[in-house]
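# Per-entry structural report
If you want the building blocks of each chain, they are given just below.
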Amino acid sequence: MKKNVIEKRLSLVCYLIDSKPNEKYSLQELSDVARLSKYHFQRVFKSMVGVTPHRYILLSRLRRASFELVYFKELKIIDIALSAGFESPEAFTRAFVRLFDQTPTEFRKKPQWSSWGHRFNIRVPVREKKYEIKVEEYPSRECVMITHKGDYLEGMKTFDTLVSWLVENNFYSETSIKSIPFITIPYANPLESDRSDYRCDIAIVINCKVLPNDLGIFSGTISRGDFAVVTYVGQREVYGFVHAITNVLTEWLPKTQWEPLSAPILFEHINSPLVVPETDLITKICIPVCRKINL
C-alpha cells in the first residue's frame, strides 16, 4: 500500500482523537478507521507519527488538561482529571508527572513550557483538504509584541510573558485574554533552522503605550500590504502549515497574477484551544504578494 494512502488514513485517526480526546478508544475502533489490521495499524502509526496510538491519545488529553490547569484556575484539578478521561486524580497525576516531570499543582503554579513543548514534537499526518485561498489587502496594524528566540517548541513561555503583561497592565481581563486573537511572524522555517537560531515575533493587535520594561515587550507595526491568505482549519502543527504554504506557492500562485515577496509570512491565530477543540482552530496564513510585472 502506498505511503500517502496510509498517511491519509492515519490522519483520519488523529483527527478523530483530537476532536474528542477524552473519549475512550479501543485499538480495534482506531484500526477500523484506518482500515488496517490491529497489528499493522500499531506498527505504521508508530513509524509515521513517532508515538503509539495509546501515547497519542494520552498526549492529546494532557495537552488540553495543561491549558485548563494554567488558564482556568477556577477549575478544580479533580474536575480537570475526570474531564480528561482519567478514572481518578491519582491516575491523572501519575500520567502528568511521567510526561512533564511536574505534578498538576506544580504545573499550574509555574508551568515549565520549555520541556512541555518538546513532549508534543510529533508528526501529525497532514489531512488532505482544499484550502480556501484569496488575496486580501491588509491595513497597517499597531501591536504589542515580544520576540521569541530559540527552539520554536518553547514559544509558549514567551507567549505567556506577553499575555501576563497585558493582563497585569489592565489591557485585558483574565477572561477576555483567553480568546484574544494573536499573530506570529517567524523569520525562518523551524524545520530547517537550527533550534538556537529560530526567531519569531508574537503580536497582539492593540494600540497602546508600552513603557520601558525588562521583559522584551515593545510596540510595533505590521505594515499594510497584499497577502495571499490561506484559511487553515485544524491543529497548529508545523508540518500542516508547511504543506499549506507549499500548496499556495507551487500550485495556486503560478496560476494567478500574483507572485510572492521575500518578506515574512504572518500567521493569524483567530481562535484559541482554550475555548474550541484543536480540530476547530482557525489560522490565517498570510503570504506577502505583489502583482506580476509583465515584461
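Refer to the structure presented above.
Residues numbered from 1 in each chain as written. Predicted model: local features only at pLDDT ≥ 70, side-chain atom pairs only at ≥ 80, totals over all residues. Heavy atoms only, no water.

## A short note on the pairing of strand β3 (residues 182–186)
The buried count for β3 comes to five of five residues, which makes it a mostly enclosed element. Burial along β3 is two-sided: Phe 182, Thr 184 and Pro 186 and Ile 183 and Ile 185, pointing in opposite directions, are all buried. Here three bridges tie β3 to strand β8 (residues 266–269), and the two strands are oriented antiparallel to one another. Bridged to Phe 182 within β8 is His 269. Where β3 and strand β4 (residues 199–205) come together, four bridges link them in antiparallel fashion. (Buried < 20%, exposed > 50% of the residue type's maximum accessible area, 1.4 Å probe, protein only. Helix = DSSP H or I, 4+ residues; strand = E, 2+ residues; numbered from the N terminus. Pairing = 2+ DSSP bridges.)

## Looking at the packing of helix α4 (residues 53–71) against helix α9 (residues 155–168)
Interhelical geometry of α4 versus α9 gives an angle of 25 degrees and a closest axis separation of 14 Å. Comparing the axis directions of α4 and α9 gives the class roughly parallel. By crossing handedness, the relation of α4 to α9 is classed as right-handed. Here Phe 67, Val 70 and Tyr 71 of α4 lie close against α9, whose contacting residues are Met 156, Phe 159 and Asp 160. Partitioned by chemical class, the residues of the contact of α4 with α9 number five nonpolar, no polar and one charged. (Axes fitted to C-alpha atoms, helices over the stretch in contact; angles between N-to-C directions. Parallel < 35°, antiparallel > 145°, perpendicular 65-115°, else oblique. Left-handed = near helix turned anticlockwise from the far one by under 90°. Contact = heavy atoms within 4.5 Å. Nonpolar A, V, L, I, M, F, W, Y, C, P; charged D, E, K, R; others polar.)

## Some words on the nonpolar core
Counting 64 residues, the largest nonpolar core has Tyr 56, Leu 62, Tyr 71, Phe 92 and Val 144 as its most contacted members. Setting aside chain neighbours within four positions, we find Tyr 71 in contact with Trp 113, Met 156, Phe 159, Asp 160, Lys 178 and Leu 274. Grouped together as the second largest cluster of nonpolar side chains are 16 residues, Tyr 131, Val 230, Ile 245 and Val 289 included. (Core = buried A, V, L, I, M, F, W, Y, C linked by side-chain atoms within 4.5 Å.)

## Looking at the pattern of salt bridges
Evaluation of the coordinates by the stated rule reveals eight salt bridges. Here Asp 101 makes a salt bridge to Arg 119, at a shortest N to O gap of 3.3 Å. Residue Asp 101 is found in the loop between α6 (89–100) and α7 (104–109), and its partner Arg 119 is found in helix α8 (residues 113–119); the two are separated by 18 residues along the sequence. Overall, the relative accessible area of 57% leaves Asp 101 in the exposed class. On the accessibility criterion, Arg 119 (26% relative accessible area) is partly exposed. One salt-bridge network, held together by shared partners, links Asp 18, Arg 63 and Glu 278. (Salt bridge = Lys/Arg side-chain N within 4 Å of Asp/Glu carboxyl O.)

## Notes on the environment of Phe 241
Within the fold, Phe 241 resides in helix α10 (residues 238–252). Residues Phe 241 and Val 230, eleven residues apart in the sequence, show an inter-C-alpha distance of 9.7 Å. Not counting the four nearest positions on each side in its chain, Phe 241 is found in contact with Tyr 232, Arg 236, Phe 267, Thr 283 and Ile 285.

## Some details on helix α2 (residues 27–34)
Three or more residues of α2 are buried, namely Leu 30, Ser 31 and Ala 34. Taken end-on, α2 shows its buried residues confined to a sector of 95 degrees, consistent with a single buried face. Backbone geometry just after α2 places Arg 35 at a positive phi near 55 degrees. (Arc of directions from axis to C-beta.)

## Points about the layout of surface pockets
Here the second largest pocket defines a volume of roughly 490 Å³. Taken together, 21 residues make up the lining of the second largest pocket; nearest its centre are Val 70, Pro 111, Trp 113, Asp 160 and Ser 164. Elements with a contribution of two residues or more to the lining of the second largest pocket: α4, α7, α8 and α9. The element contributing the most residues to the lining of the second largest pocket is α9, with seven residues. Of the residues contributing to the lining of the second largest pocket, the split by class is seven nonpolar, four polar and ten charged. (1 Å grid on protein atoms, 1.4 Å probe; cavity = no way out; pocket = protein on both sides within 12 Å on 5 of 7 lines; lining within 4 Å. Points joined across faces, edges and corners; volume = space filled by probe spheres on them.)

## So, unusual backbone geometry
Backbone geometry places Asp 101, a non-glycine residue, at a positive phi of 60 degrees. Look at Asn 170: it is not a glycine, yet its phi comes out positive at around 65 degrees. With respect to the helices and strands, the residue Asn 170 is situated in the loop between α9 and β3. Looking at Asn 170, the relative accessible area reads 69%, which means it is exposed.

## What about the environment of Ser 140?
Residue position: Ser 140 is located in the loop between β1 (132–138) and β2 (141–149). Here Ser 140 is in contact with Thr 221, Ile 222, Ser 223 and Arg 224, once residues within four sequence places are set aside.

Shape descriptors only; they carry no functional weight alone.
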